[in-house]
Amino acid sequence: MDKDTSPPIIELHGVFKHFKIGKEKIDLFKDLDFACNEKDFVVFTGPSGCGKTTILQIIAGLTRVNQGKVKVFGHELDNFNEESLALFRSSTIGIVFQLGHLIETLTVLENILLPVELAQRDERDYEKRAWDLLNEFYMSHRAHSLPRMISGGEYQRVAFIRALILEPQILLVDEPTANQDEQTKQAIFRKLTELKGQKTILVITHSRDIFPQADRIYIPSEFKLREKNGIA
Ligand SMILES: Nc1ncnc2c1ncn2[C@@H]1O[C@H](COP(=O)(O)OP(=O)(O)OP(=O)(O)O)[C@@H](O)[C@H]1O
Ligand SMILES: [Mg+2]
């Protein structure tokens, strides 16, 4: 089917999201709509605290909305219980969190292979891919280290590799090039460019080097997503 006539792969309809801090209610999103088609490359940018991470967490079903509908592949996330949502997420979405979230008691390689185990697939089918990705991101020498022994930039690279291991259809990436040196940034750009057109990619970034890849760029602003005009 033609890309432009397919139904959206991700849909947010009339989404409200607030946080409560003590007795105070802080509205982040009100009546927000968003749609993204298969194989779109979407960038979210904007100032700290504007809601970029929260948008990705809503799409991943890691944060429930207060009102409105969130659909991924046509499935309304609210209809899943926690267990089925976790299984759905592990088989369709690769997520690179801003803060990594590696399991501290597992080595780098074990962390990378964890989604394979969670998805109940055979690890042996993914070991070569894990090593290829470790090499691609200059991390093979750290395969047997524990997360506390690696640097912040290395930690984020492991999180990136872990998100890619199962070749998910949707990739959500929160600031992948923050804390990276130039060589690693280039490796991450290369990977995102290679995956563009193969996967649906939503990236939070401040890096103007990534902007030209984007089909659309959004800034969370005034409770909604505002489309940034142009790429400059
Ligand atoms: N669990 C929470 N409880 C209370 N407030 C929260 C919570 N999560 C996020 N917020 C608030 O919502 C707003 C948006 O947070 P979010 O993490 O989405 O911002 P961001 O755009 O990703 O920022 P940054 O660029 O610093 O990562 C912030 O003001 C934040 O303090
Ligand atoms: Mg954030």
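Residues numbered from 1 in each chain as written. Chains lettered and ligands numbered in written order. Predicted model: local features only at pLDDT ≥ 70, side-chain atom pairs only at ≥ 80, totals over all residues.

A. Representation of the sheet that holds strand β4 (residues 67–72) within the structure. Spatial ordering of the open sheet is given by β2-β1-β4-β5, a layout of four strands whose pairing is antiparallel. In this open sheet, the two edge strands, each paired with only one partner strand, are β2 (24–36) and β5 (75–76). Of the pairings in the sheet, the one linking strand β1 (residues 10–21) to β2 comprises nine bridges and is antiparallel in character. For Ile21, the partnering residue across the bridge sits in β2 and is Glu24. Strands in contact with helix α1 (residues 52–59) are β1, β2 and β4; relative to β1, the strand with the most contacts, it is inclined by about 120 degrees. (Pairing = 2+ DSSP bridges. Helix = DSSP H or I, 4+ residues; strand = E, 2+ residues; numbered from the N terminus. Contact = placed C-beta atoms within 7 Å. Axes fitted to C-alpha atoms, helices over the stretch in contact; angles between N-to-C directions.)

B. Spatial organisation of the site of ligand 1. If you check the shell around ligand 1, you find Phe19, Ile21, Leu28, Ser48, Gly49, Cys50, Gly51, Lys52, Thr53, Thr54 and Gln98 and nothing else. Looking at the shell around ligand 1, the elements with two or more residues in it are β1 and α1. Per-element tally for the shell around ligand 1: the top contributor is α1, with three residues. Counted by class, the shell around ligand 1 contains four nonpolar, six polar and one charged residues. (Near = placed C-beta within 6 Å. Nonpolar A, V, L, I, M, F, W, Y, C, P; charged D, E, K, R; others polar.)

C. Spatial organisation of the pairing of β4. Two strands pair when backbone bridges link them, and β1 and β4 are joined in this way by five bridges, in the antiparallel orientation. Its bridge partner being in β4, Glu11 is matched across the sheet by Lys71.

D. Fine view of helix α3 (residues 108–118). Among the residues of α3, Val108, Leu109, Asn111, Ile112, Leu113, Pro115 and Val116 are the ones counted as buried. Along its buried surface, α3 packs onto α2 (82–92), α4 (127–136) and α5 (152–164). Where α3 terminates, the next one or two residues include Gln120, which has phi positive at roughly 55 degrees. (Buried ≥ 20, exposed ≤ 12 C-beta atoms within 10 Å, placed from the backbone.)

E. Spotlight on α5. The terminal C-alpha atoms of α5 lie 19 Å apart, and with 13 residues this matches the ideal 18 Å at 1.5 Å per residue to within 8%. In terms of residue burial, α5 counts as a mostly covered element, since 11 of its 13 residues are buried. The secondary structure elements touched by the buried residues of α5 are β6 (93–96), α3, α4, β7 (170–174) and α6 (182–195). (Expected span 1.5 Å × (residues − 1).)

F. Broad picture of the environment of Ile58. Along the chain, the position of Ile58 falls in helix α1. In this structure the C-alpha to C-alpha distance between Ile58 and Met139, which are 81 residues apart in sequence, comes to 30 Å. Ignoring sequence-local partners within four residues, the contact set of Ile58 consists of Val15, Lys17, Thr63, Val65 and Val70.

G. View of unusual backbone geometry. Here Asp31, not a glycine, exhibits a phi torsion of approximately 50 degrees, which is positive. Mapping Asp31 onto the fold places it in strand β2. Among the residues examined, Asp31 registers 12 C-beta atoms within 10 Å and is labelled exposed.

H. Expanded view of the nonpolar core. With 57 residues, the main nonpolar core has Ile59, Ile161, Leu172 and Leu202 as its most contacted residues. Not counting residues within four places of it along the chain, the set of residues in contact with Ile59 comprises Ile10, Val70, Val72, Leu172 and Leu202. (Core = buried A, V, L, I, M, F, W, Y, C linked by C-beta atoms within 7 Å.)

I. Molecular detail of the packing of α3 against α5. Following both chains from N to C, one finds α3 and α5 inclined at 30 degrees, their axes separated by 7 Å at the closest point. When the axes of α3 and α5 are compared, the pair comes out roughly parallel. Read as a crossing pair, α3 and α5 show a hand that is right-handed. Counted together, Val108, Asn111, Ile112, Leu114 and Pro115 of α3 and Val158, Ile161 and Arg162 of α5 form the full contact between these two elements. Of the residues in the contact of α3 with α5, the class split is six nonpolar, one polar and one charged. (Parallel < 35°, antiparallel > 145°, perpendicular 65-115°, else oblique. Left-handed = near helix turned anticlockwise from the far one by under 90°.)

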